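Each chain, letter by letter, is given below.
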Amino acid sequence: MAFSATSPVYDNSFLLKRLSNGRKDLFRAPFHQAKLVPMRIHATHVEELIPRSQNPSLGRFQFDEYMSSKAEKVNKALDEAVPLKHPQKIHEAMRYSLLAGGKRVRPVLCIASCELVGGDESSAMPMACAMEMIHTMSLIHDDLPCMDNDDLRRGKPTNHKVYGEETAILAGDALLSLAFEHVAARTLNVSPSRIVQALAELGSAVGAAGLVAGQVVDIDSEGKDVSLKELEYIHVHKTAKLLEASVVCGAIMGGGSVIDTERVRKYARCVGLLFQVVDDILDVTKSSAELGKTAGKDLATNKATYPRLMGIDKAKKFAIELVDQAIGEIDCFDASKAAPLYYLANYIANRQN
């Protein structure tokens with residue numbers, strides 16, 4: 001089921017239809033027992049309505065340690081996946097952006113989803129790395145002069161500023177190709193049919209039905225009046241599709257059922273759009289130093305964003321509702337296994353860069 005914004009009006013967005021009866025419908029066992037609560041977004045950060053410590057089950061889950069541990073393993077796997085070899089320049093350029101830091105949200109989502117349905121981290125690691133390779137490709141290409149023309153990414157000069165436009169384009173192409181090769185060649189203990197299914201999901205998320213579609217419509221919309229329906233289309237495809245693929249592919253690699261996979265898909269769609277809404281809010285509330293990339297650029301270029309079309313207060317309200325919706329989609333799973341995805345939704349809402 002794809003996003004279907006039937007009206008350019010915010011209140012009729014597909015994601016909010018389930019919210020029309022109030023929040024009480026979103027929390028069912030076992031999560032209602034754990035008192036999983038929405039987050040309130042303020043000007044520059046998210047504040048919890050009820051402290052996590054009031055939940056004995058989730059209070060024992062050390063989210064910071066979980067993120068740090070998973071990110072460290074992903075970084076090690078990425079380092080090994082792209083060794084320096086001939087021709088050295090292209091591999092240096094690939095590694096420059098791939099290993100430049102970042103929150104590793106997509107790989108961690110992939111691993112957490114795999115573990116949610118009973119899979120092992122090792123089964124998802126090649127796919128998790130592929131997600132970061134593709135995400136990095138999208139950043140390298142997005143920063144190019146012919147696209148967003150940005151000079152700063154993750155607090156460092158963008159790839160084309162260091163290696164030149166030609167090499168930057170090729171580095172992105174190489175990472176995209178390597179992503180599919182890496183999954184096909186390095187995935188162990190997963191049936192071939194599931195690997196093919198996951199690769200098809202990934203290809204769809206990146207191509208003309210996914211990330212590319214969002215990017216093209218985004219470019220074509222520059223300097224034009226864009227409705228909320230059109231903005232949702234852009235960001236569902238440009239940003240949310242890859243996050244969705246991260247979660248769905250993780251569930252596929254973990255042996256999840258069709259029902260489990262569709263449940264986490266709905267969760268991921270909310271989280272993916274949430275990521276962009278928060279990104280838009282941060283662009284107008286944070287500095288370049290805080291973000292690690294050029295701040296205020298959307299406003300300076302008169303680009304359509306959620307704060308611009310909805311106003312900052314409604315954008316924050318929309319973000320709250322997206323967190324509610326995401327949590328509601330995974331409340332049917334065991335609370336302890338779903339804890340990483342619950343915290344990841346709140347982490348995305350709470351991120352500062």
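Predicted, not measured: the structure shown is a model, and the values here were computed from it.

J.: With reference to specific residues and values, describe the overall build of the chain.
T.: Check the secondary structure of the chain and you find 18 helices and four strands. Burial status across the chain gives 55% buried among its 353 residues. Considering only intrachain contacts with a sequence separation of at least 6, the fraction spanning at least 24 residues in the chain is 75%. Accessible surface, the chain as shown: approximately 14,800 Å² in total, 53% of it carbon and sulfur.

J.: Pulling in residues and values, what's your account of the environment of A100?
T.: With respect to the element layout, A100 can be found in the loop between α5 (88–98) and α6 (105–116). For the pair A100 and N75, spaced 25 residues apart in sequence, the C-alpha separation works out to 9.9 Å. Not counting residues up to four positions away in its chain, the partners in contact with A100 are R95, R154 and K156.

J.: Break down the packing of aromatic side chains for me, citing the residues and quoting the values.
T.: Under the definition given, this model contains eight aromatic pairs. Here F61 and F63 contribute two aromatic rings whose centre-to-centre distance is 6.5 Å and whose plane-to-plane angle is 40°, an arrangement assigned as tilted. Note on Y342 and Y343: the rings are 5.0 Å apart at their centroids and 75° apart in plane angle, and the pair reads as edge-to-face. Y342 gets classed as buried once you look at its relative accessible area, which sits at 4%. Members of the aromatic cluster, each reached through a chain of ring pairs, are F61, F63, Y66, Y342, Y343 and Y347. The ring of F275 carries R106 above its face, with NZ or CZ at 5.1 Å from the centroid.

J.: Give a description of the pattern of salt bridges that names residues and reports values.
T.: Evaluated as defined, the whole model comprises 17 salt bridges. The partner of K70 in a salt bridge is E121, and the shortest N-O contact between them spans 2.6 Å. Here E121 lies in helix α7 (residues 121–142) and K70 lies in helix α4 (residues 63–81), a separation of 51 residues in the sequence.

J.: For the environment of I219, give the residues involved together with the corresponding values.
T.: Following the sequence through the fold, I219 ends up in helix α11 (residues 211–220). Accessibility expressed as a relative area gives 34% for I219, which makes it partly exposed. For the pair formed by I219 and D148, sequence separation is 71 residues and the distance between their alpha carbons is 8.9 Å.

J.: How would you sum up the state of the cysteines? Please name residues and give values.
T.: All told, the structure shown has zero disulfides when counted by the stated rule. Free cysteine: C129, not disulfide-bonded; nearest cysteine sulfur from C110 at 9.2 Å.

J.: An account of the nonpolar core is requested, with residue identities and associated values reported.
T.: Counting 50 residues, the largest nonpolar core has L109, Y267, L274, V277, Y306, L341 and L344 as the members making the most contacts within it. Elements represented by at least two residues in this core include exactly α4, α6, α12 (228–253), α13 (258–285), α16 (306–310), α17 (312–329) and α18 (335–350). Looking at this core, the element that brings in the most residues is α13, giving 12 residues. Filtering out sequence-adjacent residues up to four positions away, Y306 remains in contact with L228, L231, E232, H235, L273, V277, D280, G311, A315 and F318. Membership of the second largest hydrophobic core comes to 45 residues, among which are A81, L98, M125 and M127.

J.: Can you break down unusual backbone geometry residue by residue, with the values?
T.: Here H86 and P87 are connected by a cis peptide whose omega angle stands at -5°. Mapped onto the fold, P87 is located in the loop between α4 and α5. Although it is not a glycine, N149 adopts a positive phi angle of roughly 55°. Among the secondary structure elements, N149 is positioned in the loop between α7 and β3 (152–153). Given the relative accessible area of 43%, N149 is considered partly exposed.

J.: Hey, could you go over the side chain of D143 for me, with residue numbers and the actual values?
T.: Relative to the elements of secondary structure, D143 occurs in the loop between α7 and β3. D143 gets classed as buried once you look at its relative accessible area, which sits at 3%.

J.: Describe the environment of F180, naming the residues involved and giving the relevant values.
T.: Positionally, F180 belongs in helix α9 (residues 165–186). Look at F180 and you get partly exposed, because its relative accessible area is 26%. Residue contacts for F180: discarding those within four places in its chain leaves I134, L199, L202 and G203.

J.: Any details on the confidence of the model for the chain? Residues and values, ideally.
T.: Across the chain, the average pLDDT comes to 82, with 78% of residues at 70 or higher. Of the regions scoring below 50 in pLDDT, residues 1–57 engages in 126 contacts with residues more than four places distant in sequence or in other chains.

J.: Describe α7, listing the residues and the values that go with them.
T.: Here α7 spans 30 Å end to end across 22 residues, near enough to the 32 Å set by a 1.5 Å rise per residue. Counting buried residues along α7, 21 of its 22 residues qualify, which places the element largely inside the surrounding structure.

J.: Tell me what's going on with α4, and back it up with residues and numbers.
T.: A turn of α-helix holds 3.6 residues, and therefore any two residues three or four places apart point the same way. Taking 1.5 Å of rise per residue, the 19 residues of α4 would be expected to cover 27 Å, and the 27 Å separating its terminal C-alpha atoms lies within 8% of that figure. Among all positions of α4, only F63, Y66, M67, K70, A71, V74, A77, L78 and A81 are buried. Down the axis of α4, the buried set is contained in an arc of 125°. They therefore lie on one face. Facing away from the buried side of α4 by more than 90 degrees, the exposed set consists of D64, E65, E72 and K76. Of the surrounding elements, those touching the buried residues of α4 are α5, α6, α7, α9 and α18.

Conventions we followed
Residues numbered from 1 in each chain as written. Predicted model: local features only at pLDDT ≥ 70, side-chain atom pairs only at ≥ 80, totals over all residues. Heavy atoms only, no water. Helix = DSSP H or I, 4+ residues; strand = E, 2+ residues; numbered from the N terminus. Buried < 20%, exposed > 50% of the residue type's maximum accessible area, 1.4 Å probe, protein only. Contact = heavy atoms within 4.5 Å. Areas by Shrake-Rupley, 256 points an atom, 1.4 Å probe, with all protein chains shown as cover. Phe/Tyr/Trp six-rings, centres within 6.5 Å; stacked < 30°, edge-to-face > 60°. Lys NZ or Arg CZ within 6 Å of the ring centre and 35° of its normal. Salt bridge = Lys/Arg side-chain N within 4 Å of Asp/Glu carboxyl O. Disulfide = S-S within 2.5 Å. Core = buried A, V, L, I, M, F, W, Y, C linked by side-chain atoms within 4.5 Å. pLDDT = per-residue confidence, 0-100. Expected span 1.5 Å × (residues − 1). Arc of directions from axis to C-beta.

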